[in-house]
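Results of the structural survey
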Amino acid sequence: MIPGPFSYHRPASVADAVKLLSDLGEDARPLAGGHSLVPMMKLRLATPAHLIDLHGIAALKGISRNGNNLVIGAMTTQHELLASDDVAKSMPILHEAALLIADPQVRYRGTIGGNVANGDPGNDMPALMMTLGATYRLEGASGARDVPAADFYQGAYFTALEPGEILTSVSVPVPAAGHGYAYEKLKRKVGDYATAAAAVVLTMSGGKVATCTIGLTNVHETPLLAADAAKAVIGTGLDAATLKKAAAAAEAIMAPAADARGPVEYRKHVGGIMVTRALQRAASRAK
Amino acid sequence: MNDMTPTREQREAALEGMGCKRKRVEDIRFTQGKGNYVDDVKLPGMLHGDFVRSPHPHARVQKIDDSEALKVPGVLAVITAETLKTVNLAWMPTLAGDVQMVLADGKVLFQNQEVAFVVATDRYAADDGINKVIVEYEPLPPLVDPFKSMDKDAPVLREDLVGKMSGAHGPRKHDNHIFEWTVGDKELTDAAFNKAEVTIKEMISYHRTHPSPLETCQCVCSFDKIKGELTIYGTFQAPHVIRTVVALIAKLPEQKIHVIAPDIGGGFGNKVGAYPGYICAAVASIVTGKPVKWVEDRIENLTATSFARDYHMTTEIAATKDGKVTGLRVHVLADHGAFDACADPSKWPAGFFNIVTGSYDFPTAHLAVDGVYTNKAPGGVAYRCSFRVTEAAYCIERGMDILAQKLKMDPAELRLKNFIKPEQFPYHSALGWEYDSGDYHTAMRKMMETTGYAALRKEQEEKRAAFKRGETREIMGLGVSFFTEIVGAGPSKNCDILGIAMFDSCEIRMHPTGAGIARMGTKSQGQGHETTWAQIIATEIGIPADNIMVEEGNTDTAPYGLGTYGSRSTPVAGAAIAMAARKIKAKAQMIAAYKLEVHEDDLEFDIDGFRVKGLPEKFMSMKDICWAAYNSVPPGMEPGLEAVSYYDPPNMTYPFGAYLCVMDIDVDTGVYKVRRFYALDDCGTRINPMIIEGQVHGGLTEAFAIAMGQEIRYDDVGNVVTGSFMDFFMPTAVETPHWETDFTVTPSPHHPIGAKGVGESPNVGGVPAFSNAVNDAFSFLGSTHIQMPHDFWRNWKAAKELGAVA
Ligand SMILES: Cc1cc2nc3c(=O)[nH]c(=O)nc-3n(C[C@H](O)[C@H](O)[C@H](O)COP(=O)(O)OP(=O)(O)OC[C@H]3O[C@@H](n4cnc5c(N)ncnc54)[C@H](O)[C@@H]3O)c2cc1C
């Protein structure tokens, strides 16, 4: 578990980082918290010749408001998300999900940018960002572009990031006042990735579901939006039959890998249960 | 007497002797990051070694090309089996009477087996070198399932043994067979089964797992060419044994080998045996003339050194209709992997598995164990248990629950009915042990009363009814476990390691000012010896524990001992300490008699000194006696106050305990919650109740891990799939249940201070408690036995197979 040789760069601006990345080409990788990348390097599954550490770039840090959006700098750590009052108040599901990532040590280092850019289906933030309708800002040699989270993930570790691009911030629309939310994650222990997890954001009106979005973590090679499942609950009071239908619709799009967390059948089954429980808990929180 | 004179209680308390919750003295350095571990050893010019390992579970090694590796900056040498052959070290003996490849010799027999050792100026260069060594393999069919190892067409693993139809433990039935070990009266046992009113039979597996100490195995070897001396710093649970093994296999004079085990970050049986890393580092140091460090990483630790368990136990119990056991028959298929690298006393190929009759009065029993080879890592070691005792406890405790279920009896009642009675001790078991002492009924009843067992059973009944009515998706299980351990290996009449009797030792030197140093042949890996050994001495000779320094782990200064594992330190070394202290006390008494001008027999020991009987004011403190020992001993007596004791125990000790686990399981997800866990331990005399509690907490946490998910798993083609703490279940404080601890005290009649050992009891007794809780939860749905580990998905699978989930 010893990484191969690499050289280390610490640019002070996004422009410098982008330039380094495009000059050094395929052999260069941005380094954020290092809590996904460094383990891969220790196993020599990743052998970048150059690491471009983003910690020296002040512009990538911090949480601010832009209209109805929270804009979170890519290098904001999971710990900083948890410490933010604005996040806790206006986007409590982000707080709830961040708290279910790994352990405090990982959260002190791990960043939101690294988490969403990594492309690991096990990461919790991607499905949540899709659920919240977030947009990622990507900056490269040819300028900046905004890509919706829902269009970003193409396969395990394959994303819309082009070589030479850096994800600089995540812009998340603040959900409607009185919304209900829940992030249900089944894991074997603290520090484990999800066996299956579901994010639900909904609004209720007159005891019925008015709007609903459902995201799924680690049950496919990419994070998923369970659109059919969400559709199935609209206009209902989440009675048992509806919940069953929603879980079945969600399970229908799951294609997890068998691993030590359990066989495919189990991971889909509990994926359905996470959806059910998240819907129930979200509804109970909605005002 | 004036007001300043301390009371008896104050004098007693000042000693911090036996029974005191003395704070661990070693924690002062550990909590400040000032421990000194092997990886802290940095010698001038030190090189680093690391292994090229096999990706294949079974393959012929056709060619090893090191030419590119040797071009990597910093790489100095690549050692292979061919290199080792020049010094006759390509293979090494195991403690179990087998031999083991140090580096792949023609073949590899398990995934991650050591193939070549790259030596470089730093660890990074060594790893870069590893990635440049090109090994050509011809894959061979892997043998993964131990039940297929003795099939006619099974691939032959050990070509070195082909044609040798006899091994270290008798005849071999197949090329992949290691030994068959039988104990007990077969005829009598078969007869008991033939006329039994009720019988049960179940194949109970105890899966492969791993001790996984936080600090992995590691060493620094430094050979001094001029003096011809080899110094080895290593993570050794048994430093003297390592010294002797090195002397025997490296043909070095034993006085020129210095083995030093500094602070050790957990052992749990992982650090008893010898591993290829030690041999390669030593050879590399001899070859290069420089110190060489080898440090295992986590993957290597989990996949290559010392697994534990992997016992497949076909268990049969015969009983009467009203629940009196009449016979026990067990056949074990023991998967040892590629080499039999058990660390058992040499004559015991299945350790003390014949304690499998447990706490019950079986009139007859028979046991047969077949050891076999598979394409897996070699072992298996005693993971926080006396040799195979945890497997035996699991076997009988699961078996008793299965019998209770068949008889429709409460499992606690069944146990109470069959316990060995207090008046039967010393008790001779059907499989050959003499249990020294015990009071099982009292312990069991105390457990039942304290936990409110009857009420819990009632609640369970109600919950089951509610489940059947569809009102809840949760099921509740009560896991009863009553274990008897056999620890303290061991008496020379039946225990040795490579011919060395399993005594242990202590040397005490008192200094003139009333302080002293004590050295032992044991080696703490977290057990707190520096604290507890001093407490024994404090009580025995009346010198405060704080004034006694305890030192272990340096073979040049410590008396010869067999080390720390199998809960043997207190039963064996603890006895040696008391005996050495008593020698000190005897000499002290002579000195005191001389100084107080009375006859020795007129003195009595009183807490911290000697007092003239009937003349309470005539008193000499041990502190003053220490001084006198160096300047005014009686005429004809040698000055000084020192003693050595080598203790050969007359018998093992037999700690026992009653555990209860209360568990709730959500059938839809398989997620369990340990609602309560109660552990009553009887380890005889209690030296330090706080350390006992800590040991119980640690052992229970391991038991919880093992029963509920911790496993070393191989896929069907021999890839090991649990190589990191992501998949090898290592619970954190969050998952760990709350532990309720309790005790009874039944001192060992043959041990000088009556102590029995406790470190391993919770692992031994804990695993069946957890597994019985899971099995008990599911039993009303119609199951008799669900194999461990009971992780979430397997619980769900059980529920599904029993029709409880759609
Ligand atoms: C023990 C453990 C448990 C964990 N458990 C969880 C968990 O339960 N849930 C979870 O979600 N995560 C988990 N993680 C992962 C953790 O959250 C990581 O911190 C996160 O996935 C990556 O963030 P990072 O800042 O560490 O990124 P890094 O590891 O530095 O980078 C990850 C990848 O993203 C790229 N990258 C990073 N930043 C950018 C950027 N701004 N633009 C473009 N590319 C970028 C890197 O080049 C690299 O390829 C766990 C990690 C560990 C070690």
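Up top is the structure these notes are about.
Structural notes, computed from the coordinates. Worth saying up front: this structure is predicted, and the values here are computed from it rather than measured.

Time to look at the packing of aromatic side chains. Geometry of an aromatic ring pair is reported as the spacing of the ring centres plus the angle between the planes. Enumeration over the complete set of coordinates arrives at 42 aromatic pairs over all chains. Aromatic side chains Tyr136(A) and Tyr153(A) sit 6.3 Å apart centroid to centroid with 85° between the ring planes, which places their arrangement in the edge-to-face category. On the criterion of sequence distance, the pair formed by Tyr136(A) in strand S6 (residues 135–140) and Tyr153(A) in strand S8 (residues 153–155) is long-range, its members being 17 residues apart. For the pair formed by Tyr136(A) and Tyr153(A), the shared burial category is buried. On the basis of an interplanar angle of 85° and a centroid distance of 4.9 Å, the ring pair of Phe152(A) and Tyr153(A) is categorised as edge-to-face. When its relative accessible area of 0% is taken as the criterion, Phe152(A) is described as buried. What makes Tyr153(A) buried here is its relative accessible area of 10%. By way of ring pairs, the aromatic residues Phe483(B), Tyr659(B), Tyr672(B), Phe677(B), Phe704(B), Phe729(B), Trp739(B), Phe770(B) and Phe792(B) are connected into one cluster. A cation over a ring is seen here: Arg208(B) above Phe307(B), with NZ or CZ 3.4 Å from the ring centre. Positioned over the ring face of Phe193(B) is Arg329(B), at 4.1 Å from the centre of the ring.

Read from one edge of the open sheet, 3 strands run S6-S2-S8 (chain B), paired in antiparallel fashion. At either margin of the open sheet sits one strand with a lone partner, and together these are strand S6 (107–108) and strand S8 (134–139) of chain B.

Any two side chains of opposite charge can pair if their charged atoms end up close together. In total, this model carries 74 salt bridges over all chains according to the counting rule given. Of the charged contacts, one joins Asp608(B) and Arg11(B) as a salt bridge, the two residues approaching to 2.8 Å between their closest N and O atoms. Residue Asp608(B) is found in the loop between strand S29 (603–605) and strand S30 (609–612), and its partner Arg11(B) is found in helix H1 (residues 8–15); the two are separated by 597 residues along the sequence. We classify Arg11(B) as buried; its relative accessible area is 13%. Asp776(B) is the partner of Arg457(B) in a salt bridge, and the nearest nitrogen-oxygen pair spans 3.1 Å. Residue Arg457(B) is located in helix H12 (residues 453–468), and its partner Asp776(B) is located in helix H17 (residues 761–779); the two are separated by 319 residues in the primary sequence. Classification of Asp776(B) by relative accessible area gives buried; the value is 11%. One connected set of salt bridges, linked through shared partners, spans Arg188(A), Asp192(A), Asp259(A), Arg261(A), Arg267(A) and Asp727(B).

A few words now on the site of the ligand. All names here are of chain A. By nearness alone, 30 residues border the ligand, and Pro-30, Gly-33, Gly-34, Thr-111 and Asp-124 come closest of all. In this structure, Gly-33 approaches the ligand through a main-chain N or O atom, which is 2.7 Å from an oxygen atom. Computed on the free molecule, the ligand has an accessible area of 960 Å², of which 93% lies beneath the protein chains in the complex. Within the residue set of the shell around the ligand, elements represented by two or more residues are strand S2 (28–31), helix H7 (112–117) and strand S10 (166–173).

With that settled, the discussion passes to the packing of helix H9 (residues 389–407) of chain B against H17(B). Residue and element names in this part refer to chain B. Put simply, H9 and H17 touch, their axes get as near as 9 Å, and they point 30° apart. Taken together, the axes of H9 and H17 lie roughly parallel to each other. For the pair H9 and H17, the crossing hand works out as right-handed. Of the residues in H17, those touching H9 at Val-389, Thr-390, Ala-393, Tyr-394, Glu-397, Arg-398, Asp-401 and Gln-405 are Asn-763, Val-764, Val-767, Pro-768, Ser-771, Asn-772, Asn-775 and Ser-779. A per-class count over the contact of H9 with H17 returns 6 nonpolar, 7 polar and 3 charged.

With that out of the way, let us pick up the packing of helix H10 (residues 411–418) of chain B against helix H11 (residues 440–451) of chain B. Residues and elements named next belong to chain B. Interaxial distance between H10 and H11 falls to 10 Å at its minimum, and their mutual angle equals 160°. The angle between the axes of H10 and H11 places the two elements in the roughly antiparallel class. As H10 runs across H11, the sense of the crossing is left-handed. In this structure, H10 contributes Ala-412, Glu-413, Arg-415 and Leu-416 to the contact, and H11 contributes His-441, Met-444, Arg-445 and Met-448. In the contact of H10 with H11, the residues fall into 4 nonpolar, 1 polar and 3 charged.

About the thresholds
Residues numbered from 1 in each chain as written. Chains lettered and ligands numbered in written order. Predicted model: local features only at pLDDT ≥ 70, side-chain atom pairs only at ≥ 80, totals over all residues. Heavy atoms only, no water. Phe/Tyr/Trp six-rings, centres within 6.5 Å; stacked < 30°, edge-to-face > 60°. Helix = DSSP H or I, 4+ residues; strand = E, 2+ residues; numbered from the N terminus. Buried < 20%, exposed > 50% of the residue type's maximum accessible area, 1.4 Å probe, protein only. Lys NZ or Arg CZ within 6 Å of the ring centre and 35° of its normal. Pairing = 2+ DSSP bridges. Salt bridge = Lys/Arg side-chain N within 4 Å of Asp/Glu carboxyl O. Near = heavy atom within 4 Å. Polar contact = N/O pair within 3.5 Å; in protein donor to acceptor, adjacent residues only side chain to side chain. Areas by Shrake-Rupley, 256 points an atom, 1.4 Å probe, with all protein chains shown as cover. Axes fitted to C-alpha atoms, helices over the stretch in contact; angles between N-to-C directions. Parallel < 35°, antiparallel > 145°, perpendicular 65-115°, else oblique. Left-handed = near helix turned anticlockwise from the far one by under 90°. Contact = heavy atoms within 4.5 Å. Nonpolar A, V, L, I, M, F, W, Y, C, P; charged D, E, K, R; others polar.

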